[in-house]
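Structure assessment
Letter by letter, the chains look like this.
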Amino acid sequence: MAAPAVSRTRLWAEFLGLFVGVPVVMAASFGLYPLFPVVLALGGVAALLLALTPGFSFAELTKGPVLGQWRLILGFTMAVAVLCTALVLVLVPGQFLAIPLYRPELWLMIMVLYPLLSAAPQELIYRPLFFRRYGRLFPGETAPIAVNALVFGLGHLFYMNPITIASTVVIGAMFGWVYVRTGSFMLVCVLHGLAGQLVFTLGLGRFFYHGAIG
């Protein structure tokens, strides 16, 4: 049986609670909760809301191009690598390649776990859930991507770091554009995972590691 239509009032309430209220509460109460369980729990909430979204099927999450977009993946990887390297050399030159060189066991753990425990649940929340359930709240083609980028940056408010927030807004716009263009959840997961791996490999990890806050 198809899920019933959802009123715009309810959608706005859900949107503001999940994409504005939750980040503000997380920032205000940071240190009182373990981060990754919260991220995974929010991913579970996203899955539940998607299940209640008319016309959505979880089969969508496995559809869309991935390897066929190798040019996009390669270009994205090179651009992020260059940008991260430049930022590290300007802001924290002593951290360049520090984790793989001096903490290889930690680096390997990040390479394996980041895409699974951080990138995938974030992408479920900010791409399929946002665009499939709340995208119609923002008319046109540009507005949904712009709002998606802004709330993605707001979702990183707890870092209390302008570099982190600004960079997640920019890269969130990229992820949103790719998702709208391709409809591929798997592709944005790959891009997000690669971005995180490059950040920690090249030395920007202190701006994206919750343990460094404060």
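The following refers to the structure shown. (Residues numbered from 1 in each chain as written. Predicted model: local features only at pLDDT ≥ 70, side-chain atom pairs only at ≥ 80, totals over all residues. Heavy atoms only, no water.)

As for the overall build of the protein chain
Going by this rule: Helical segments are the DSSP runs of H or I of at least four residues, strand segments are the runs of E of at least two, and each set is numbered from the N terminus. The globule rule is 2.2 Å times the number of residues to the power 0.38, and the radius of gyration it is compared with is taken over C-alpha atoms. The classification of residues rests on relative accessible area computed with a 1.4 Å probe and restricted to protein chains. Under 20% of the type maximum is buried, over 50% is exposed, and intermediate values are partly exposed. Only heavy atoms enter the contact rule, under which two residues are in contact if any of them lie within 4.5 Å. All accessible areas in this document rest on Shrake-Rupley with a 1.4 Å probe, and a residue is counted as covered only by the protein chains that are shown. Charge convention: Lys and Arg are scored as positive, Asp and Glu as negative, and His as well as the terminal groups of each chain are ignored. The atoms used to mark charge sites are NZ of Lys, CZ of Arg, CG of Asp and CD of Glu.
The helix and strand tally for the protein chain stands at 8 helices and 0 strands. When the helices and strands of the protein chain are placed in sequence order, the string is α-α-α-α-α-α-α-α. The C-alpha atoms of the protein chain give 17 Å as radius of gyration, which agrees with the globular expectation for 214 residues (17 Å, within 12%). On the principal axes, the C-alpha backbone points of the protein chain span a range of 55 × 40 × 30 Å. Considering the protein chain as a whole, with its 214 residues, one finds that 44% of them fall into the buried category. Contacts in the protein chain between residues at least 24 apart in sequence constitute 77% of all its contacts with a sequence separation of at least 6. For the protein chain, the exposed surface amounts to about 10,900 Å²; the carbon and sulfur share of it is 74%. Each charge class in the protein chain was averaged separately, 11 positive and 5 negative side chains, and the resulting centres sit 3 Å apart.

Overview of the packing of helix 2 (residues 35–51) against helix 5 (residues 104–134)
What counts is decided by this rule: Geometry is summarised by axes, namely lines fitted to C-alpha atoms with helices restricted to the contacting stretch, and by angles between N-to-C directions that run from 0 to 180 degrees. Each angle is binned into one of four classes, with values under 35 degrees roughly parallel, values over 145 roughly antiparallel, values of 65 to 115 roughly perpendicular, and all other values oblique. Whether a crossing is left-handed or right-handed is set by the direction in which the near helix is turned from the far one by less than a right angle, anticlockwise for left-handed and clockwise for right-handed.
Where helix 2 contacts helix 5, the two axes come as close as 9 Å, and the packing angle between them is 30 degrees. One finds that helix 2 runs roughly parallel with respect to helix 5. For the crossing formed where helix 2 meets helix 5, the hand is left-handed. Packed against helix 2, whose contacting residues are F36, V39, L40, L42, G43, A46, A47, L49 and L50, the element helix 5 presents L117, S118, P121, L124, I125, P128, L129, R132, R133 and Y134 at the interface.

A closer look at unusual backbone geometry
Of note, L97 is a non-glycine position whose phi angle comes to about 60 degrees, a positive value. Tracing the sequence through the fold places L97 in the loop between helix 3 (70–91) and helix 4 (98–102). Positive phi, normally seen in glycine, also occurs at M160, with a value near 50 degrees. For M160, the location among the structural elements is in the loop between helix 6 (142–154) and helix 7 (162–182).

So, the side chain of R133
How we decide: Here a polar contact is taken to be a pair of N or O atoms separated by no more than 3.5 Å, where protein atoms must pair a possible hydrogen donor with a possible acceptor and residues adjacent in sequence count only if both atoms sit in side chains.
Looking at the element boundaries, R133 is found in helix 5. Within the structure, the side chain of R133 is placed 3.0 Å from the side chain of T53, a separation counted as a polar contact. Excluding anything up to four places from it in sequence, R133 contacts V6, R10, L11, E14, L49, L52, T53 and P128.

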